[in-house]
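# Architecture at a glance
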Amino acid sequence: KQWYQRRVAITAGETIGPLTMKAEWNDRSCRCYAYLYSIDKKRYKISSTSTKLYAYGVSLVSPPQQFVMKGYSVTFKCSANGDGKQPIQWKITTSTNTITTGITTSDVVEGVYTSTLVVTMGTDATDRTYSCFVDYSQTVRHGQQPSLVILGIKEFPSTTIYKNVDTTQEVTCRVAQVGEKLPRITWIENEKVETECPKGDMKFDGGSSTTTCAKSVTFTSTEIERFLQCRVDYPLQSDLKGQSETTKKLSLVTQRIWSLENTVVGIKGYHAEFTCLATGPPSTTIQTTYPNKDVLFSKGEEPYTLITAFKLNNIQEDKEYKCFVDTFTPQLEAPYTVTIMEIKSGMEDITYETIGFPLTLTCKFNMIGSTTTAKLRWNGPASDVDSSSFVFFDADTTITEDMYQLGINTLSTDHAKKKFTCTVDIKIVEGDSSREGKLEDEGLVVVQYVEVSKAAYYGVEKRPLVIPCKGFGKPDMVLSWQPPTGITIKTITESYNPNDHSKEVKFSEVLDGKKHTGKYTCKADYENPHSVDIDLTVLRIEDDGHPKAVSFQPVGATMELSCKGTHPGNGPKQTFSWQYKDPINEGKQKTCNERFNPRDGGTLVSPVNNLGTSTLSHVTVSSDHLREVQCTIAWSESDADGSLTTTPTIVVVEHIKMEEEVSVVEGGTVTISCTAHGDPAKIAISWYKVEPNGAEIKVEGSGDFAFDTPFFDDGCYKKALHLKIKNAKKEKSTDCDSALIPLL
């Protein structure tokens, strides 16, 4: 077509060239001509064969920078000079591997052939640079590097967002932007509601060539899970017409907790079941503040819902608790109230009432719920109590009210310290299942009364006597003995005994027979007072029952001594006995106070006499008889054990003593003693001289006769008169006698 001519002069064997290739020479044929001139100057033209020339080079047919969105295709096209034997290859500049798919190559036309690469963008596509190139030789490569910009969404949350109920979260969508051509960003809620982001809310970042739109989302309890999507398209970018990108659905999950039942109804002492639900991440764990619980089950349900059922063991009181999730920030809680059915009884642990009064025990039960049924029964005391005194409900009494009473018409000692039980059988129906339980309220009835062991007590005068009185009732009860009018007594109050709810007060006195005999009352000051009376008899030797202090008896006489004791007729056994002591021999007697030897003597037996009087008949023994006699009364059996002894009675035998023979030198002096035994105040001693003819001449105490001072000994019950005779004569005799004592 065009010839490039270069004329040079050469010599034989010389080489011309090389030619410098020009782009326009592509697809040209080239020949080398030579003109040879002969000597005769003739010109001869010679030429080489034709050689095809190609200008190495690769050109972009498509734009050097293209824009595409994920999910759409883009086409790159490159052309190369040559005969097509060296293929046009494609690769991503950051990769060493060539692309083998999506490529089509055209035929060579006028030394040019093209290659087309069609690439579909995946969801993970990013900006990149492609290279189209031809390796013309091992050392020669020609190529172009078109760039690809991935438009669409650059940043959007990919994981579920969990937030507590009633909180607000900002969600951002960042998209690529081309120059100043604003994209269109659209929010899609729950795949239905679309809202375009106002251009004024878009924020452009020139450094990253991106635009951001933010949306504020409030988490509500009405929607556990919501979906939010972001869609972008480029209406101002003609080459992207019809292209858009929509994010995957973003789950917005409300973190919330609530109880299935705001009020849990149970039976005191039994368990109840409670269910709490929460929405949140799969790792959510529901807990409860109830201390004694077991987890019955915990399972997840879509969407994002966890159900946990608890067994609340041994519920004891009405109280508010919470179920909570401590992994939520902040921690979320759901309150619930445990309400128990229980016997809210008017029956105290201990009920006090005075004997003889009526008593009503009240059992109060709070039944809760329309599906709850209950039956009540009373369990009374032991079988030894007369059940006819009780007003019982039937065992199958169905509860229609909340208060039930048990009446005892009249309290007696049979009811003392007995336990009564109110029992309620409860059944709670919950759907196809039910729970049953039994409530019991036990109360002790303490009958208030006072008691003594017997109605009549006997004591011995001058002996101590203790009479206990026991009262049953409250610890602060006042228990006292009330004596007859005008009498003051000593009492001892023992401390309260909580084991049998009793207190004891004791009458404690050394008895005085004239003072303490009478009626006594033991009384307790209950709200309804109670008292008991006793009769106290003091056993004593009566004033007219003491024998005489001294009894003067003639020799051989029979004497009677009487001893009288108090005896009520039905009282203790009464025994009389008489004791005596004989005197010491006068030769050994030192003083009159030593006249009796306790080791001598014995007991004069007297039969038992319960009539209150004993009489002793005793015969005096001899003229030298001096004896001490006393009476002892012993009371035995019951509280009157003891004895009393009378003061001794001195038995004096009336007699007179003198020497029967007195020896004296005739004409000498001699003293003769005459002693009379008896009442000294009533004894008169006289001396008589007995003449040979038997005549008695009273001695007057003159001449040859003189009297010593009379000797009186009241303690020894004797009187003596000593006669002193002077100028004693043979055959002279004297006598003495006592005016009150027969002459012995």
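Refer to the preceding data block for the structure.
Residues numbered from 1 in each chain as written. Predicted model: local features only at pLDDT ≥ 70, side-chain atom pairs only at ≥ 80, totals over all residues. Heavy atoms only, no water.

Looking now at the overall build of the protein. Secondary structure assignment for the protein yields one helix and 61 strands. Burial analysis of the protein (744 residues in total) assigns 39% to the buried set. Residue pairs in contact within the protein that sit at least 24 positions apart in sequence constitute 65% of those at least 6 positions apart. For the protein, the accessible area works out to roughly 41,200 Å², and carbon and sulfur atoms hold 47% of it. (Helix = DSSP H or I, 4+ residues; strand = E, 2+ residues; numbered from the N terminus. Buried < 20%, exposed > 50% of the residue type's maximum accessible area, 1.4 Å probe, protein only. Contact = heavy atoms within 4.5 Å. Areas by Shrake-Rupley, 256 points an atom, 1.4 Å probe, with all protein chains shown as cover.)

This part takes up the pattern of salt bridges. Enumeration according to the criterion identifies 22 salt bridges in this entry. One salt bridge connects Glu223 with Arg226, and the closest N-O pair in it is separated by 3.6 Å. Judged by relative accessible area, Glu223 falls into the partly exposed class, the value being 29%. The closest approach of N and O atoms between Lys689 and Glu691, which form a salt bridge, is 3.5 Å. Since its relative accessible area comes to 24%, Lys689 is described here as partly exposed. Beyond isolated ion pairs, a larger network of salt bridges with shared partners links Glu461, Arg540 and Glu542. (Salt bridge = Lys/Arg side-chain N within 4 Å of Asp/Glu carboxyl O.)

The next subject is the environment of Thr354. Along the chain, the position of Thr354 falls in strand 32 (residues 350-354). What makes Thr354 buried here is its relative accessible area of 1%. As a C-alpha pair, Thr354 and Ser412 span 58 residues in sequence and 8.7 Å in three-dimensional space. If we skip the residues at most four places from it in the chain, Thr354 touches Leu411, Val447, Gln448, Tyr526, Asn528, Pro529 and His530. Within the local environment of Thr354, its side chain forms a polar contact with the side chain of Gln448, the two groups lying 3.2 Å apart. (Polar contact = N/O pair within 3.5 Å; in protein donor to acceptor, adjacent residues only side chain to side chain.)

The subject of this paragraph is the nonpolar core. Judged by nonpolar contacts, the single largest core of 26 residues is most densely connected at Leu151, Phe156, Val171, Ile185, Trp187, Tyr234 and Leu252. Counting residues per element, the ones that place at least two in this core are strand 6 (65-69), strand 14 (147-151), strand 17 (168-176), strand 18 (184-189), strand 21 (210-218), strand 22 (225-233) and strand 24 (250-259). For this core, the element with the highest residue contribution is strand 17, accounting for four residues. Judged by nonpolar contacts, the second largest core, of 25 residues, contains Met341, Phe365, Leu439 and Val447. (Core = buried A, V, L, I, M, F, W, Y, C linked by side-chain atoms within 4.5 Å.)

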